[in-house]
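# Structural features, examined
Listed here are the chains, written in short residue letters.
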Amino acid sequence: MTTTHINDALAAIRARDPRVPDVALILGSGLGDLADGFADPVAIPFPDIPGFPHAAVAGHRGRLVIGRLEDVTCVALQGRFHLYEGYDAATVTLPTRVMLGLGARTLIVTNAAGGINRTFQPGDLMLIDDHVNLMGRNPLTGPVQEGDTRFPDMTHAYDPALQALAESVAGTEGIRLVRGVYAAVLGPSYETPAEVRMIERLGGDVVGMSTVPEVIVARARDVPVLGISLVTNAAAGLSAEPLTHDEVVAAGREAADRFARLVRGVVRGLGNHDA
């Protein structure tokens with residue numbers, strides 16, 4: 001991936017909609033319906049954007065949407081690309097670079113994840129406090145991209161001020177919100193019980209197969225990040241039930257209202273702050 005690839009994608013999007021977004025959102029499995037509520041939306045299928053592959057995972061609509069949410073101009077991905085689909089880290093993070101290139105100053109990244117923390121319940125929304133990268137990949141490997149920091153500080157990969165805003169919204173809306181560490185694995189197979197025990201000992205509260213590459217790119221560009229995981233199920237060995245992707249998508253549908261109210265409240269807070 002080169003600056004030319006990014007510029008080609010930006011040109012294609014701006015030809016369809018010249019608006020400059022303030023907030024970028026990555027909507028994970030089962031969570032993409034939030035962008036259907038944008039006012040004045042312009043939706044662009046991923047294949048219409050240079051460098052964007054098809055979104056092949058169930059629960060991912062495969063569109064970039066620009067519009068207004070809570071009177072704030074936003075750009076959202078209804079779905080994402082994953083390393084486990086065979087894409088390299090540069091392709092996985094191209095949409096993030098493009099959304100930030102459009103002008104977004106805040107990234108809200110979401111995902112569906114398996115619960116490891118024994119106090120978490122399926123359906124919980126978790127603020128990501130930190131992450132553990134077990135993917136064996138880093139999107140900053142290779143030549144430094146224009147605008148990136150070579151060695152970004154990851155002490156506050158997830159922005160404390162954004163977390164405080166999310167907790168305030170959750171309190172106002174009566175939404176249960178937990179906090180924890182997201183462990184990212186390559187996939188696509190679910191983890192074995194032994195791997196879940198290992199991740200638990202490493203400090204992981206949930207486990208998933210996305211998010212970390214996008215967050216690393218955002219931090220390399222000094223963009224603050226809010227991360228939210230939907231706990232869809234108990235991880236392997238913590239429940240007698242087999243793990244399925246259908247369960248993940250169904251959990252997203254169940255949590256859609258709470259998730260939308262939380263994110264809408266955060267975006268509204270960001271808009272009020274800018275005003």
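In this report, the structure presented in the accompanying data block is examined. All values reported here derive from a predicted model rather than from experimental measurement.

### Brief notes about the side chain of N233
Inspection of the secondary structure puts N233 in strand β9 (residues 225-234). The class of N233 is buried, set by a relative accessible area of 8%. At 2.5 Å, the side chain of N233 and the side chain of T232 are in polar contact.

### Re the nonpolar core
Grouped together as the largest cluster of nonpolar side chains are 47 residues, with contacts concentrated most on I13, F52, L64, V98, M99 and L107. F52 has contacts with A9, F46, P47, L77, F81, L94, P95 and V98, leaving out every residue within four places of it along the chain. Membership of the second largest hydrophobic core comes to 32 residues, among which are V23, L27, L177 and L262.

### Some words on the environment of P160
Looking at the element boundaries, P160 is found in helix α3 (residues 160-173). Given a relative accessible area of 40%, P160 falls into the partly exposed group. Measuring from C-alpha to C-alpha, the distance between P160 and P224 comes to 9.2 Å, with 64 residues separating the pair along the chain.

### Re the layout of surface pockets
Each pocket or cavity is described by its volume, and for the second largest pocket that value is around 220 Å³. Every residue lining the second largest pocket is counted, 17 residues in all, and those nearest its centre are A90, P139, L140, T141 and Q145. Counted by class, the lining of the second largest pocket contains 7 nonpolar, 6 polar and 4 charged residues.

### Section: the packing of aromatic side chains
All chains considered together, the criterion is met by 4 aromatic pairs. With 5.1 Å between their ring centres and 65 degrees between their planes, F46 and F81 make a pair best called edge-to-face. In this pair, F46 sits in the loop between β2 (39-45) and β3 (63-69) while F81 sits in the loop between β4 (72-78) and α2 (89-101), placing the two residues 35 residues apart along the sequence. With relative accessibility at 0%, the residue F46 sits in the buried group. Residue classification places F81 among the buried residues on the basis of a relative accessible area of 2%.

### Some thoughts on unusual backbone geometry
The omega torsion of the bond from G187 to P188 falls at 5 degrees, within 30 degrees of zero and hence cis. Within the element layout of this structure, P188 appears in the loop between β7 (177-185) and α4 (193-202). Phi is positive for T211, which is not a glycine, with a value near 75 degrees. Mapped onto the elements, T211 comes out in the loop between β8 (206-208) and α5 (212-220). Even without glycine at this site, D222 takes up a positive phi of about 60 degrees.

### A word on the packing of α2 against α5
Contact geometry of α2 with α5 gives a least axis separation of 9 Å together with a crossing angle of 40 degrees. Every pair of crossing elements has a handedness; the one defined by α2 and α5 is right-handed. In this structure, α2 contributes V92, T93, T96, R97 and L100 to the contact, and α5 contributes P213, E214, V217 and A218. A per-class count over the contact of α2 with α5 returns 5 nonpolar, 2 polar and 2 charged.

### Topic: the pairing of β3
Among the 7 residues that make up β3, 5 are buried, leaving the element largely enclosed by the rest of the structure. Sheet topology note: the β2/β3 ladder contains 5 bridges and is antiparallel. If you follow A43 over to β3, its bridge partner there is V65. Sheet analysis places β3 next to β4, joined by 7 bridges and oriented antiparallel. Bridging from a neighbouring strand, L69 pairs with V72 of β4. From the end of β3 to the start of β4, which pair antiparallel, there are 2 residues, and E70 there has a positive phi angle of about 55 degrees.

### Looking at a nonpolar patch on the surface
Together, L134, M198 and L202 give the surface a local cluster of nonpolar side chains, amounting to about 250 Å² of exposed area. Mapped onto the fold, M198 is located in helix α4.

About the thresholds
Residues numbered from 1 in each chain as written. Predicted model: local features only at pLDDT ≥ 70, side-chain atom pairs only at ≥ 80, totals over all residues. Heavy atoms only, no water. Helix = DSSP H or I, 4+ residues; strand = E, 2+ residues; numbered from the N terminus. Buried < 20%, exposed > 50% of the residue type's maximum accessible area, 1.4 Å probe, protein only. Polar contact = N/O pair within 3.5 Å; in protein donor to acceptor, adjacent residues only side chain to side chain. Core = buried A, V, L, I, M, F, W, Y, C linked by side-chain atoms within 4.5 Å. Contact = heavy atoms within 4.5 Å. 1 Å grid on protein atoms, 1.4 Å probe; cavity = no way out; pocket = protein on both sides within 12 Å on 5 of 7 lines; lining within 4 Å. Points joined across faces, edges and corners; volume = space filled by probe spheres on them. Nonpolar A, V, L, I, M, F, W, Y, C, P; charged D, E, K, R; others polar. Phe/Tyr/Trp six-rings, centres within 6.5 Å; stacked < 30°, edge-to-face > 60°. Axes fitted to C-alpha atoms, helices over the stretch in contact; angles between N-to-C directions. Left-handed = near helix turned anticlockwise from the far one by under 90°. Pairing = 2+ DSSP bridges. Patch = residues over 30% accessible without salt bridge, like charges linked within 9 Å, V, L, I, M, F, W, Y side chains within 5 Å. Areas by Shrake-Rupley, 256 points an atom, 1.4 Å probe, with all protein chains shown as cover. Salt bridge = Lys/Arg side-chain N within 4 Å of Asp/Glu carboxyl O.

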